[in-house]
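Breakdown of the fold
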Amino acid sequence: MADQVQPMPSAAGQPDAPRAEGDTGRMGRFPERGKPVITGINRVGLWSLYIKEVRRFLKVQTQTIWAPAVTTLLFLVIFSVALGRGGREVLGVNFPTFVAPGLIAMAMMQNSFANSSFSLLSGKIQGTIIDLLMPPLSEGELMTGIVAAAVTRAVAVGCTVALAMLLYPGVSLAAAHPWAVIWFGLMGAAMLALLGLMASIWAEKFDHNAAVTNFVIAPLSMLSGTFYVIENLHGVFQAISRANPFFYVISGFRYGFLGQSDIGDAAHVAGAALGLLAFNGFLALIAYRLLKSGWKIKN
């Protein structure tokens, strides 16, 4: 037919790759079949996915950002009244100042998990997951976009919670080691974002996701030393607490504000920081392999 693209003969008289007229009126050669057009990182696609995920939680920011700030502030009020009366001090500071960093880190981790665990699961349930699988995005780019958006929400929640806690009398959020605040905050948010992504791959309905939140994430958050120091626990429970990765996030984040924590001295805190980096790398590898296999996504 006249409107079909005809192969152009090469200099040797053999049929060459088909040519087509481009927008500029010049003849352009199509790439060979199976040869990728986009090489390296698809920056435009990755940025588009990130902005899509960020806009998704910003559209309901009353629920995703401001509500966690109010809830966390209520935690601070309740536990300060119940446990912080009589000028009680922990690690050399008053109880509200001690518990505030842990509550900020806990809110950041829980909201990071909530954001990433909703992305793929909502697509599977609503039948729109094809919008994430069809674009020219690799598994690594898909994982990076979802995790980065979840970390962005965690940072927004953390800043909002911190501002709300500054209104509470007796709370001081002066940072003794800003690097620890940034590092442990980002590592904790990334860790829960990766766990949320894996949960959304595994879950087939919202009940499954809620079960992970209620029976795994919430208990690990509450038993991570947010409201106490593990020195007050029995030796067995201290060992259990030290096996909880949430404990190192909470205590390291608190170290950034107070200059001390129940992890140990500065060398132990540095070791915990490197340990969280290695653990997040391990989680990222698992999430990448799950996305690569297409388990419960492409079938």
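Thresholds, definitions, all that
- Residues numbered from 1 in each chain as written.
- Predicted model: local features only at pLDDT ≥ 70, side-chain atom pairs only at ≥ 80, totals over all residues.
- Heavy atoms only, no water.
- Helix = DSSP H or I, 4+ residues; strand = E, 2+ residues; numbered from the N terminus.
- Contact = heavy atoms within 4.5 Å.
- Salt bridge = Lys/Arg side-chain N within 4 Å of Asp/Glu carboxyl O.
- Buried < 20%, exposed > 50% of the residue type's maximum accessible area, 1.4 Å probe, protein only.
- pLDDT = per-residue confidence, 0-100.

Structural notes on the environment of Phe-282
The topology assignment puts Phe-282 in helix H10 (residues 266-293). Between the alpha carbons of Phe-282 and Met-191 there is a distance of 9.9 Å; along the sequence they are 91 residues apart.

Thoughts on the side chain of Glu-139
For Glu-139, the position within the fold is in helix H5 (residues 139-165). Those residues in contact with Glu-139 that lie beyond four places of it in its chain are Tyr-288, Leu-291, Lys-292 and Lys-298.

Some remarks on the pattern of salt bridges
Inspection of the entire model under this criterion finds four salt bridges. Ionic pairing is found between Lys-292 and Glu-139, a salt bridge with its closest N-O pair at 3.7 Å. Pair noted here: Lys-292 is in helix H10 and Glu-139 is in helix H5, with a separation of 153 residues, a long-range link. On the basis of relative accessibility, which here comes to 17%, the residue Glu-139 falls in the buried class.

Some thoughts on the side chain of Asn-244
Within the secondary structure, Asn-244 sits in the loop between helix H8 (235-242) and helix H9 (245-258). Accessibility expressed as a relative area gives 5% for Asn-244, which makes it buried. Leaving out residues up to four positions away in the same chain, Asn-244 has contacts with Leu-220, Leu-223 and Ser-224.

Some details on the confidence of the model for the chain
In the predicted model, the chain carries a mean pLDDT of 86, and 88% of its residues have values of at least 70. When pLDDT is averaged over each element of the chain, helix H6 (residues 178-202) comes out on top at 96 and strand S2 (residues 15-21) at the bottom at 47. Below pLDDT 50 for its whole length, residues 1-5 participates in four contacts with residues either more than four positions away or in separate chains. With pLDDT under 50 throughout, residues 10-26 is counted as low confidence; its partners more than four residues away or in other chains account for 30 contacts.

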